[in-house]
Amino acid sequence: MPYITLSDQIKKLGNSQRSDSFVKKLREAVREGEIDAADLPGHRFELPKQFSKRGSTETYSRTVRDMIIDGTPEFEAWFQEANKDLSSTRSGKIRVSAENIDAGLVDFKALAAQTRARMQASQSKGQALGKGRTATTKKSKANK
């Protein structure tokens, strides 16, 4: 059975800026018994992610404890799925922009339908408010 270290596995990530999320995800999988891994006492490595300090342009990196992972086919399948999840956009929601619409990442027809529905709802709400005002005006004139 080949054993893999966490530090070597992080080098295979598609998006190195998500390495901290990968470490969290791996530790959770180990905790829940999906993956077999063990800490390597005294071994630490630096994450490739660059963290930035608030209000400053300064960046820094973090170190984490290294682990040894059982390189089974189940782990490889888990890694492929985790790597795919981490490589996609963070929120899973793609921003609406002209570039994303042109690229086909955003469905223009669905976006247009949402806009139309929102505009119709706004208009009908305004119409209902206007009708309510005229009804109260007629009542108050009748009472006088």
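Structure shown above.
Residues numbered from 1 in each chain as written. Predicted model: local features only at pLDDT ≥ 70, side-chain atom pairs only at ≥ 80, totals over all residues. Heavy atoms only, no water.

Chemist: It is not clear to me how the overall build of the chain should be interpreted in this structure. Could you clarify?
Modeler: Helix and strand counts for the chain stand at five helices and five strands. Counting from the amino terminus, the chain carries its helices and strands in the arrangement β-α-α-β-β-β-β-α-α-α. The burial tally for the chain puts 24% of its 144 residues in the buried class. Taking contacts inside the chain between residues at least 6 apart in sequence as the whole, the part at least 24 apart equals 62%. When the accessible surface of the chain is summed, it comes to about 10800 Å², and 51% of that surface belongs to carbon and sulfur atoms. (Helix = DSSP H or I, 4+ residues; strand = E, 2+ residues; numbered from the N terminus. Buried < 20%, exposed > 50% of the residue type's maximum accessible area, 1.4 Å probe, protein only. Contact = heavy atoms within 4.5 Å. Areas by Shrake-Rupley, 256 points an atom, 1.4 Å probe, with all protein chains shown as cover.)

Chemist: What is the right way to read helix 2 (residues 19-31) from this model?
Modeler: Helical periodicity: at 3.6 residues per turn, an α-helix aligns residues three or four positions apart in one direction. The first and last C-alpha atoms of helix 2 sit 18 Å apart over 13 residues, in line with the 18 Å expected at 1.5 Å per residue. Taken residue by residue, helix 2 has Ser19, Asp20, Phe22, Val23, Leu26 and Ala29 as its buried positions. Residues of helix 2 that are buried sit in contact with helix 1 (6-10), strand 3 (51-52), strand 5 (63-70) and helix 3 (73-87). Positioned one or two residues after helix 2, glycine 33 has a phi angle of 85°, which is positive. (Expected span 1.5 Å × (residues − 1).)

Chemist: Please clarify how helix 3 should be interpreted in this entry.
Modeler: A rise of 1.5 Å per residue sets the reference length of helix 3, with its 15 residues, at 21 Å; its end C-alpha atoms lie 21 Å apart and thus fit the reference within 8%. Turning to helix 3, its buried residues number three or more, namely Phe75, Trp78, Phe79, Ala82, Asn83 and Leu86. Buried residues along helix 3 cover an arc of 135° about the axis, so they all sit on one side. Turned more than 90 degrees from where helix 3 packs its buried face, Pro73, Glu74 and Lys84 sit exposed. On its buried face, helix 3 sits against strand 1 (3-5), helix 1, helix 2 and strand 5. (Arc of directions from axis to C-beta.)

Chemist: Help me understand the side chain of glutamine 9, please; the structure alone is not making it clear to me.
Modeler: Residue placement: glutamine 9 occurs in helix 1. Look past the residues within four positions of glutamine 9 in its chain and what remains in contact with it is Ile4, Phe22, Phe75 and Phe79.

Chemist: Please explain the packing of aromatic side chains as it appears in this structure.
Modeler: Aromatic ring pairs are described here by two measures, namely the spacing of the ring centres and the angle between the planes. Taken as a whole, this structure holds five aromatic pairs when the rule is applied. The residue whose ring lies beneath arginine 62 is phenylalanine 51, and the NZ or CZ to ring-centre distance is 4.1 Å. (Phe/Tyr/Trp six-rings, centres within 6.5 Å; stacked < 30°, edge-to-face > 60°. Lys NZ or Arg CZ within 6 Å of the ring centre and 35° of its normal.)

Chemist: I'm lost on the nonpolar core in this one. Help?
Modeler: Counting residues in hydrophobic clusters, the biggest one holds 19 residues, and the most contacted among them are Leu6, Ile10, Phe22, Leu26, Ile35, Phe75 and Trp78. Contributing elements (two or more residues each) for this core: helix 1, helix 2, strand 5 and helix 3. It is helix 3 that contributes the most residues to this core, five residues altogether. Setting aside anything within four residues of it in sequence, one finds isoleucine 10 in contact with Ser19, Phe22, Val23, Phe45, Leu47 and Pro48. (Core = buried A, V, L, I, M, F, W, Y, C linked by side-chain atoms within 4.5 Å.)

Chemist: Explain the sheet that holds strand 1 to me, please; I cannot follow it from the model alone.
Modeler: Strands pair in a sheet through their backbones, by hydrogen bonds, and they do so in one of two ways: parallel or antiparallel. If you trace the three strands from one edge of the open sheet to the other, you get 1-5-2, paired in antiparallel fashion. Strands at the two margins of the open sheet, each flanked by one partner only, are strand 1 and strand 2 (37-46). Within this sheet the neighbouring strands show an average axis-to-axis angle of 25°, counted without direction. Relative to strand 5, strand 2 is paired through six bridges, and the arrangement is antiparallel. The residue bridging alanine 37 from the neighbouring strand is isoleucine 69, located in strand 5. Each of strand 2 and strand 5 touches helix 2; the most contacted strand, strand 5, lies at about 45° to it. (Pairing = 2+ DSSP bridges. Axes fitted to C-alpha atoms, helices over the stretch in contact; angles between N-to-C directions.)

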